[in-house]
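# A look at the structure
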Amino acid sequence: MTLTKNKYYFEALDNYPYSLPDCLEALNYALSYDPEDADSLCLMGRIYSEQLKNYEIAKQYFQEAMQCDITNLNVPQYYINCLLANEDFHEAEKLINYSLKIKGIDKSNLWFYRALLSEKRGSFNNALKFLDEAAKYCFNEYSLNVVKDRKKFIKSKMPKKNKKKKETK
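Now for a quick tour of the structure. (Residues numbered from 1 in each chain as written. Predicted model: local features only at pLDDT ≥ 70, side-chain atom pairs only at ≥ 80, totals over all residues. Heavy atoms only, no water.)

### Some points on the overall build of the protein chain
In plain terms, the rule: Secondary structure elements follow DSSP: runs of H or I no shorter than four residues count as helices, runs of E no shorter than two count as strands, and numbering proceeds from the N terminus. Burial classification: accessible surface area is computed with a 1.4 Å probe over protein chains only, and a residue below 20% of its type maximum counts as buried, one above 50% as exposed, and the rest as partly exposed. Here, Shrake-Rupley sampling with a 1.4 Å probe gives the accessible areas, and only protein chains in the shown set may cover a residue. The positive count covers Lys and Arg only, the negative count covers Asp and Glu only, and His and the chain ends enter neither. A single reference atom marks each charge: NZ on Lys, CZ on Arg, CG on Asp, CD on Glu.
Looking only at helices and strands, the protein chain has 10 helices and 0 strands in total. Reading the protein chain from its N terminus to its C terminus gives the helix and strand order α-α-α-α-α-α-α-α-α-α. Structurally, the protein chain occupies a C-alpha span of about 75 × 30 × 30 Å along its principal axes. Each of the 169 residues in the protein chain was classed as buried or not, and the buried ones make up 41%. If you sum the accessible surface of the protein chain, you get close to 10300 Å²; carbon and sulfur atoms cover 51% of it. Distance between charge centroids for the protein chain: 16 Å, based on 27 positive and 23 negative side chains.

Pasting the structure below:
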């Protein structure tokens, strides 16, 4: 049964997001073989979050996935992204703090999300600090460039100190 379930899960993953009908068909087969498979539930949550923008249903799938496998490395990053998109900032912060304790998880990605959370809350200085932390855990050039680009973007949104002084004079 596990091999069959995995076959359908990989088929669903291969079709996501380019062929959603094929993805959903394979995903439903995978979930029929194992309704508690965290990766399949996570992918279903991603469909509802990223494609349908139905965050409440997506959150249900992500919560179920977390209950089925609390140490799954895939679920937290997509769940956090869903929570940020739905402006559930307190929940996102709690999940980030918990996820940072999971052995083997991509900490760079989690710190990046923590920076994004601070940015959405309007705390640009904290966002920059969290991006510095994310950079410590970058182990390839691409992820480091993503962090650097985000830092530049946040700095461009920050009010300039010199402009304030000139305006007051």
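### Description of the pattern of salt bridges
Basically, it comes down to this: Criterion for a salt bridge: a side-chain nitrogen of Lys or Arg within 4 Å of a carboxyl oxygen of Asp or Glu.
If you walk through the whole model with that rule in mind, you get 12 salt bridges. We note a salt bridge from Glu 50 to Arg 46, for which the minimum N-O separation is 3.2 Å. Taken as a pair, Glu 50 and Arg 46 lie in helix 3 (residues 38-51) at a separation of 4 residues, close to a single helical turn. Using a relative accessible area of 23% as the deciding quantity, one classes Glu 50 as partly exposed. Arg 46 gets classed as buried once you look at its relative accessible area, which sits at 15%. A network of salt bridges, in which partner residues are shared, links Glu 56, Lys 59, Asp 88 and Glu 91.

### Description of helix 2 (residues 20-33)
Stated formally: The span you would expect from a helix comes to 1.5 Å times its residue count less one. Comment: arc refers to directions from the helix axis out to C-beta atoms. In this description, contact between two residues means that some pair of their heavy atoms is separated by no more than 4.5 Å.
Between its terminal C-alpha atoms helix 2 stretches 20 Å, which fits the 20 Å expected from 14 residues at 1.5 Å a residue. Listed in full, the buried residues belonging to helix 2 are Cys 23, Ala 26, Leu 27, Ala 30 and Leu 31. Buried positions in helix 2, seen along its axis, are confined to an arc of 140° and lie on one side of it. For helix 2, exposure combined with an orientation more than 90 degrees from the buried face picks out Pro 21 and Ser 32. Buried residues belonging to helix 2 abut helix 1 (2-15) and helix 3.

### Notes on unusual backbone geometry
For the bond running from Tyr 16 to Pro 17, omega is -5°, close enough to zero to count as cis. Relative to the assigned elements, Pro 17 resides in the loop between helix 1 and helix 2. Phi angles above zero are rare outside glycine, and Lys 53 is one such case at about 55°. Here Lys 53 shows up in the loop between helix 3 and helix 4 (55-68). One non-glycine residue, Glu 87, lies in the positive phi region at around 60°.

### Concerning the packing of aromatic side chains
How we decide: Stacked, tilted and edge-to-face are the three classes assigned to paired rings of Phe, Tyr and Trp, where Trp is represented by its six-membered ring and a pair needs centres within 6.5 Å; plane angles under 30 degrees give stacked, over 60 edge-to-face, the rest tilted.
Going through the model one piece at a time under the given rule, you end up with 6 aromatic pairs. When the centroid spacing of 5.6 Å and the interplanar angle of 15° are considered together, the rings of Tyr 48 and Tyr 61 count as stacked. Of the two residues, Tyr 48 sits in helix 3 while Tyr 61 sits in helix 4, which places them 13 residues apart along the sequence. Ring-pair connections join several aromatic residues into one group, and the members of that group are Tyr 8, Tyr 29 and Tyr 33.

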